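Topology and contacts: notes
Listed below, chain by chain, are the residues.
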Amino acid sequence: MKRPFVLLVNPWITDFAAFDLWSKPLGLLYIGALLKGAGIDVALIDCLERNSNSEKTKGIIPGKEKQFGTGKFDKRPIEKPEPYKSIPRRYFIYGITEEALIEKISNLWRKPDLILVTSIMTYWHPGVRETIRAIKKRLPSVPLWLGGIYARLCYEHAVRTSGADFVIKRPISHLPELLEKKLGTEIQNKREWTNFTLFPSPAWELMPKVKYRVLLTSVGCPFKCSYCASRILQPNQEYRPFTLLLSEILEGYQSGIRDFAFYDDALLFTGWQVVKPLLEEIRKLGISVRFHTPNALHVRALNEKRCELLFSGGFKTIRLGLETTSKEHQKKWGQKAENKEFTRVAKLLLKTGWETKDIGAYLLCGVPGQKPSEVKDSIDFVADNGILPFIAEFSPIPKTKIWNEAKRISPFDIEKEPLYHNNSFFACRRSDFTYEDMVSLKNYARRVRGLLVTSSKASSTDTFSS
Ligand code: B12
């Protein structure tokens, strides 16, 4: 009997701005590895492949390489969807061209039996829909299933608008059963799909050449922040054996990769039992790699010993979650960090050896109940501690604790239209926190970062600003 063949697709992004901040379809890569382990043939098309439009294609704004493998995707301006008409910014589709996508489909060794498309940010749904439309033009009779974060958080919307034949909101432990029915084959490694701890390493070999790798040591977060969907997406805390992570790093290292970014929600809590032995081993091996934490570290979990290990193990880009300096809001939003803890950790990081240009702190901006002055004070506080302030614009996420309050104060129908979840749109704008306030605070934070970097005599300033 012929082995079944499944095509995995990472769709285009549609947005005002998108930067490849170590952004890879990790969920799809795990599924790829699990499918391979089940004896299924797999191919992957990455619509966000960088530098693929080799010849100058008309209408494409080419991407750019930045530090540590990050960079800009190729992009083309497209018409703004109706809800964004009032925003004075251009709107783009990011990634390869439609012709390139069709060519990749034509080059597959045979017609797939099933197509699995992933999805990430809820407000990127037009990119998902466009990708599905383009695939369907070329492969109309192949069943296409959609999963991932958008599909899980906005299931009804995805069913109604994505064009997928089937939208899956259940965890992937249920996928083998569905695959068996669809493909008429027995999934031999069913147990591996049941628990993150048992997942094999992501199938990086399916991806076009990438300059960095992303790592996930653990899923789940012990905190219950009111604005975050992490607990809804991953209710349990699970982690993977450090030996597996080590082999992922060594395999990448041998193929020339030096930059690795962690995707964990709670790297220093749920993931620490993995990170500690991992770094000790890396130190022993004496290999030189750079680790990055775009998805903030918890301030509370940092002490002298840990900082020493992180620094000597190769941690380079440090992002901290502070959210705000208002005591009242720190308590209300998740009790992640207090100001004096932040000051202690800032001193510690700088003393350990990181420079100001390497350390940033995320500050929430525009949360219901917050005033612009609170954000400005927080920016100043972070800067006074020698740390770069980064604005994380508040964006309402379905099913989170703060969702109902966001729905109440937003002048937009955030329930019906996920485009309003876009952090650049600022759906919770209001008379005492306007869209203009948001823009001016972002610009203020950018200026402060510039000044801090210049004064600390570092070379680059804005690499990671959005
Ligand atoms: C890593 C991460 C990032 C990375 C980039 C991720 C990327 N790939 O592009 C960085 C740090 C850059 C980032 C940035 C932001 N992020 Co973010 N991020 C995450 C995080 C922590 C993990 C995502 C992930 O890769 N998980 C690991 C993989 C393995 O999981 P997965 O993709 O869900 O896949 C699993 C299943 O979904 C399923 N699956 C996946 N695909 C498919 C397909 C099929 C067919 C099937 C059946 C199943 C399936 O199988 C997988 C295995 O179980 C999530 C939180 C979370 N815990 O999920 C937030 C999250 C996605 N981010 C979020 C937000 C808000 C942001 C920011 C807007 C924050 C800000 N204000 O600046 C920015 C936006 C950046 C931008 N505009 O580009 C929100 C989502 C918002 C939304 N409306 O959708 C989340 C949910 C966090 C939160 N606050 O609740 N993020």
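All residue numbers refer to positions counted from 1 along the written sequence of the respective chain. Confidence filtering applies because this is a predicted model: local features only for residues at pLDDT of at least 70, side-chain atom pairs given and counted only at 80 or more, and all residues used for totals across whole chains, interfaces and linings.

Quick look at the overall build of the chain now. A helix here means a DSSP run of H or I that spans at least four residues, while a strand means a run of E at least two residues long, and both kinds are numbered starting from the N terminus. Helix and strand counts for the chain stand at 15 helices and 20 strands. Over its C-alpha atoms, taken along the principal directions, the chain stretches across nearly 65 × 55 × 45 Å. Any residue whose C-beta has 12 or fewer other C-beta atoms within 10 Å is treated as exposed, any with 20 or more as buried, and any in between as partly exposed, C-beta atoms being built from the backbone. Taking all 466 residues of the chain together, the buried fraction comes to 43%. Partitioning the intrachain contacts of the chain with sequence separation of at least 6 by distance along the chain shows that 74% fall at a separation of at least 24. C-beta atoms are placed from the backbone for every residue, and two residues are taken to be in contact when these atoms lie within 7 Å.

This part covers the site of the ligand. By definition, a residue lies near a molecule or strand provided its backbone-derived C-beta atom is within 6 Å of it. For the ligand, the set of nearby residues contains 39 residues, the closest of which are Ser23, Gly27, Thr118, Gly147 and Ala229. Of all elements in the fold, only α1 (26–37), β10 (144–146), α7 (230–233) and β20 (388–393) reach the threshold of two or more residues within the shell around the ligand. A per-element tally of the shell around the ligand places α1 first, with 5 residues. In this classification, Asp, Glu, Lys and Arg are treated as charged, Ala, Val, Leu, Ile, Met, Phe, Trp, Tyr, Cys and Pro as nonpolar, and every other residue, Gly included, as polar. Taken together, the residues of the shell around the ligand break down into 24 nonpolar, 12 polar and 3 charged. Domain ranges listed in this record stem from an automatic or a database domain assignment. Looking at the shell around the ligand, you find at least three residues from each of domain 1 (5–194) and domain 2 (211–455).

Another aspect to go through is α1. A helix is expected to span 1.5 Å multiplied by its residue count minus one. The end-to-end C-alpha separation of α1 is 17 Å, in line with the 16 Å expected for 12 residues at 1.5 Å each. Within α1, 9 of the 12 residues are buried, which leaves the element mostly enclosed by the surrounding structure. Along α1, the residues that are buried comprise Gly27, Leu28, Leu29, Tyr30, Ile31, Gly32, Ala33, Leu34 and Leu35. Of the residues one or two after α1, Gly39 is the one with positive phi, at around 85 degrees.

What follows is about unusual backbone geometry. Despite not being glycine, Gln335 shows a phi value in the positive range, around 50 degrees. For Lys399, which is not glycine, the phi dihedral falls at a positive 75 degrees. Structurally, Lys399 is set in the loop between β20 and α14 (403–409).

The subject of this paragraph is the packing of helix α13 (residues 372–384) against helix α15 (residues 435–455). Helix axes are fitted to C-alpha atoms over the stretch in contact, other axes to C-alpha atoms as well, and angles between N-to-C directions run from 0 to 180 degrees. Running from N to C, α13 and α15 cross one another at 10 degrees; their axes reach a closest spacing of 11 Å. Comparing the axis directions of α13 and α15 gives the class roughly parallel. Counted together, Pro372, Val375, Lys376, Ile379 and Ala383 of α13 and Asp437, Leu441, Tyr444, Ala445, Val448 and Leu452 of α15 form the full contact between these two elements. For the contact of α13 with α15, the class distribution of residues is 9 nonpolar, no polar and 2 charged. Here roughly perpendicular refers to angles of 65 to 115 degrees, roughly parallel to angles under 35, roughly antiparallel to angles over 145, and oblique to all remaining angles.

Across the sheet, 3 strands lie side by side as β2-β8-β7; this open sheet has antiparallel pairing. On the outer flanks of this sheet lie β2 (13–15) and β7 (75–78), each paired with one strand and no other. Across the sheet, the axes of successive neighbouring strands diverge by a mean angle of 25 degrees, strand direction being ignored. Here, strands pair whenever DSSP counts at least two bridges between them. Examined bridge by bridge, β2 and strand β8 (residues 91–94) share 3 bridges and lie antiparallel to one another. Within β8, the position partnered with Ile13 by the bridge is Tyr94.

The domains assigned to the chain are domain 1 (5–194) and domain 2 (211–455). Relative placement of domain 1 and domain 2: their C-alpha centres are 26 Å apart. Between domain 1 and domain 2, the residue contacts involve 21 residues of the former and 23 residues of the latter. Of the residues contributing to the side of domain 1 that touches domain 2, the split by class is 14 nonpolar, 4 polar and 3 charged.

Here we come to the sheet that holds strand β4 (residues 41–46). Strands sit in the order β4-β1-β9-β10-β11 across an open sheet of 5 strands; the sheet is parallel. The open sheet has two edge strands, β4 and β11 (166–167), and neither has a second partner. Bridge analysis of β10 against β11 gives 2 bridges, and the strand direction is parallel. Among the inter-strand pairings, Leu146 is bridged to a residue of β11, identified as Val167.

Before going further, it helps to spend a moment on the pairing of β20. For β20, a buried count of 5 out of 6 residues is recorded, marking the element as mostly surrounded by other parts of the structure. If you view a crossover with the strands going away from you and the path from the first strand over the helix to the second runs clockwise, you call it right-handed. Note that the unit made of strand β19 (residues 359–365), α13 and β20 has a crossover that is right-handed.

On to the environment of Leu153. By the secondary structure assignment, Leu153 is in helix α4 (residues 149–153). When sequence neighbours within four positions are dropped, the list of residues in contact with Leu153 reads Thr122, Ala229, Ile397, Pro398 and Lys399.

Glancing now at the environment of Ile387. Position of Ile387 among the secondary structure elements: in the loop between α13 and β20. For Ile387, a count of 27 C-beta atoms within 10 Å gives the class buried. Contacts of Ile387, omitting those with residues within four sequence positions, involve Ala346, Thr356, Ile359, Gly360, Ala361 and Val382.

Burial analysis of strand β1 (residues 5–10) places 5 of its 6 residues in the buried class, which makes it a mostly covered element. Inspection of the sheet shows β1 paired to β4 by 6 bridges, in the parallel sense. Each bridged residue has a counterpart across the sheet, and for Val6 the counterpart in β4 is Val42.

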